[in-house]
Amino acid sequence: MKLIDQRLTRLLNHFSRYQQEVYWASLHSILNKLLDLAPPLLIGLAVDIVVKQQDSYLAHWYPNPLSQLYVLGFLTVLVWGGESWFEFFFQKRWRELAQSIQRDLRQELYAHIQTLDSQWFSQQETGDLLATLNDDVNQLERFFNVGANHLIQLMITTFTVSFYFFYVAPSVAYWAMLPIPLIIWGSLKFQKAIGPRYHLVRQQAAKINAQLNHTLRGIEEVKSFTAEQRELERLDRQSLAYLKANQAAIGLSAAFTPLIRMAIVLGFLATLIYGGYLCLEGEIAVGTYSVLVFLTQRLLWPLTRLGETLDLYQRAMASAQRAFHLLDVPAPQHHGKSKPPLNNTEGSITLRKLSFAYESQQVFRNLDLSFQQGQVTAIVGATGSGKSTLIKILLGFNRPQIGELWIDDLPLADIDLSYWRQQIGLVSQQVYLFEGNIMENIRYGRVSASDEEVYQVAELAGVARFVNELNEGYDTRVGEGGVRLSGGERQRVSIARALLKNPKILILDEATSAVDAYTESEIQRALKTFYQDRTVIIIAHRLNTIRHADQIIVLEQGKVIEQGNHESLLESQGLYSQLWNS
């Protein structure tokens, strides 16, 4: 095993911007530990004064033994005061550093996740991602909060005490230090064995998060199928796997400290017996012998915490590995910088020879399709014909393997993707509302909008009709995902949110599928004024909602099989006509 953990090296390099903070925190830890090692020296001086009196070490400057004790008392106050002073600063600095790293890493992970495409998200477990963003980041915070200081102070203790031992009593030092190589070897073996076990613990924790996330999000389905016991048993299996993974790690971790403690006894006995023998023979002073005994305890006893510190370290490195694994997922490359003005009455959005496939499913092959700007285009087709995938390509969520999406004479690859999405208002088939009230969810479309602008789009989208019946009106909380509203109410809030964005391109994906026929008709009439001079793309199963579209495109298995307006498609007696008459 390498002495320098590559995970720790990468972690430190990744947060090199905190180099100065690490330096000051480490300096305060070092100074605190040096002063913490001073009391045994003071005890040795006290013994020296009592035993030798006028011949003690301090007698060179203060012949009177009582004066020597006063000086020693003054030094004791300085040492304890300094130790407390530096303890305050190292704890403050390490904790602040831990909080900063925690915040920055979580922000960095979240920012990176937002750059990844929808195909990547479709292959991930939400609970697993949440475990990395929360549990793993918090595990790193705990290490920097406590573990880093422990490791630094342990190294300082070892170097300082070893130096003193070899300086005043080399023969005792050899015996007292005898367990240290054994402890270091055991620690390295411990790290090698415990690391994979904690990595498995983190994986099992992520699985539990994923299971809980699925169950809680689908709690109505669980209850409707009376599957509570089944889900409880499934969680019990996941929890048992997590328990076993933890037990495997805990068993090894718990055995480490007792073994280290037995090795420590050898060093302490060497100092106690052999050092005492040298003192009896007059080769070392009584005060020196006292210092050696106390320092041996100061050196070796903290090693009993080495197992706890390494345990914390390995948990942190397992979490760091998962965090870096997520950061290493390559983001889709999009280097476009252009921000072309979109003409609401001229130009087109065109798909040219476009092919797209998921891992094992071909969706489009050599698709040619055009949307005239400033017109209403409707897309119809059976489930699986490619309608939703087409919307994702228009938004740049999915990139085609062959071909390109063109906006007038510019490919989407040359256009600033953020700018492009700012021009689009999307009402998705699967509406998601954020925790907050109705006003906040509508204003999500444009946070700078005034209340009056919110009321205007709420009226157009039919939100005002049901909001006026609520006790708290627009301040009504919607719950997570909008669970406190009906499906139709959520859709109307989603429509209002898209309208408030005042987009040049409006995409409605089954936008009124959950509302009743009367409300749908009211919304359609209100939106006609909003459609003017905008490019509108509508996906619908209810054909009566799109009969007035300028263009209707019929998709089947990823191919355009019919295209025209309502009247021309009825005359052609094709699939659209069959769907209309069915």
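One can find the structure itself at the top, above this paragraph.
Since the model is a prediction, treat every value here as computed from it, not as a measurement.

(A) Molecular detail of the nonpolar core. By size, the foremost hydrophobic cluster in this structure holds 44 residues, and its most contacted members are Ile 438, Ile 442, Val 463 and Tyr 474. In terms of residue count, helix H18 (residues 487-500) provides more of this core than any other element does, 6 residues in total. If we skip the residues at most four places from it in the chain, Ile 442 touches Val 454, Val 457, Ala 458, Val 463, Tyr 474, Val 493, Ala 496, Arg 497 and Leu 500. One finds Ile 113, Leu 129, Phe 324 and Val 329 within the second-largest nonpolar core, a separate group that totals 32 residues.

(B) Representation of the side chain of Thr 389. Within the element layout of this structure, Thr 389 appears in helix H13 (residues 387-394). By relative accessible area, Thr 389 is classed as buried at 9%. Those residues in contact with Thr 389, other than ones at most four positions away along the chain, are Phe 356, Tyr 358, Val 363 and Phe 364.

(C) View of the pattern of salt bridges. Under the definition given, this model contains 13 salt bridges. We note a salt bridge from Lys 353 to Asp 368, for which the minimum N-O separation is 3.4 Å. You can see Lys 353 sitting in strand E1 (residues 348-357) and its partner Asp 368 sitting in strand E2 (residues 362-372), a full 15 residues away along the chain. On the basis of relative accessibility, which here comes to 39%, the residue Asp 368 falls in the partly exposed class. Among the charged side chains, a network of salt bridges with common partners joins Arg 17, Arg 103 and Asp 104.

(D) How the structure looks around H18. The end-to-end C-alpha distance of H18 is 20 Å, a good match for the 20 Å that 14 residues give at a rise of 1.5 Å each. Taken across its 14 residues, H18 has 12 buried, putting it largely inside the fold. With its phi angle positive at about 55 degrees, Asn 502 sits one or two positions after the end of H18.

(E) Structural context of the packing of aromatic side chains. Counting across every chain of the model gives 13 aromatic pairs. Ring plane angle 75 degrees and centroid distance 5.3 Å describe the contact between Tyr 23 and Trp 24, whose orientation is recorded as edge-to-face. For Trp 24, a relative accessible area of 33% puts it in the partly exposed group. Aromatic pair Phe 88 and Phe 89: ring centres 5.1 Å apart, planes at 75 degrees, arrangement edge-to-face. We classify Phe 89 as partly exposed; its relative accessible area is 22%. Here a set of aromatic residues connected by ring pairs shows up, and it is made of Trp 85, Phe 88 and Phe 89.

(F) Here's a closer look at the sheet that holds E2. Spatial strand order, E2-E1-E4-E5: 4 strands in an open sheet with antiparallel pairing. The open sheet has two free edges, formed respectively by E2 and strand E5 (410-411), since each of these has just one partner strand. Judged from the 5 bridges that link them, E1 and strand E4 (residues 402-407) form a sheet pairing that is antiparallel. By the bridge assignment for E4, Ser 355 is matched with Ile 402. The strands that H13 touches are E1, E2 and E4; relative to E2, the one it contacts most, it runs at about 65 degrees.

Conventions adopted
- All residue numbers refer to position in the chain's written sequence, counted from 1.
- Where local features are concerned, this predicted model is filtered to residues with pLDDT of at least 70; where side-chain atom pairs are given and counted, the filter is 80 or more; whole-chain, interface and lining totals use all residues.
- Only hydrogens and water are set aside; all other atoms, that is, all heavy atoms of the structure, feed into the side-chain values.
- For our purposes a nonpolar core is just a set of buried Ala, Val, Leu, Ile, Met, Phe, Trp, Tyr and Cys residues, chained together by side-chain atoms within 4.5 Å.
- Three exposure classes are used, based on accessible area relative to the maximum for each residue type with a 1.4 Å probe and protein chains only: buried under 20%, partly exposed in between, and exposed over 50%.
- Working definition: helices are DSSP H or I runs of at least four residues, strands are E runs of at least two. Numbering for both runs from the N terminus.
- Two residues form a contact once any of their heavy atoms are found within 4.5 Å.
- Salt bridges, as used here, are contacts in which a Lys or Arg side-chain nitrogen is within 4 Å of a carboxyl oxygen on Asp or Glu.
- Given a helix with a known number of residues, its expected span is that number minus one, times 1.5 Å.
- Here a Phe, Tyr or Trp ring, Trp counted by its six-membered ring, pairs with any other such ring whose centre lies within 6.5 Å, and the pair is stacked when the planes are under 30 degrees apart, edge-to-face when over 60, and tilted otherwise.
- At least two bridges found by DSSP between two strands is the condition for calling them paired.
- Whenever a helix is involved, its axis is fitted only over the stretch in contact; in every case the axis is a line through C-alpha atoms, and angles between N-to-C directions fall within 0 to 180 degrees.

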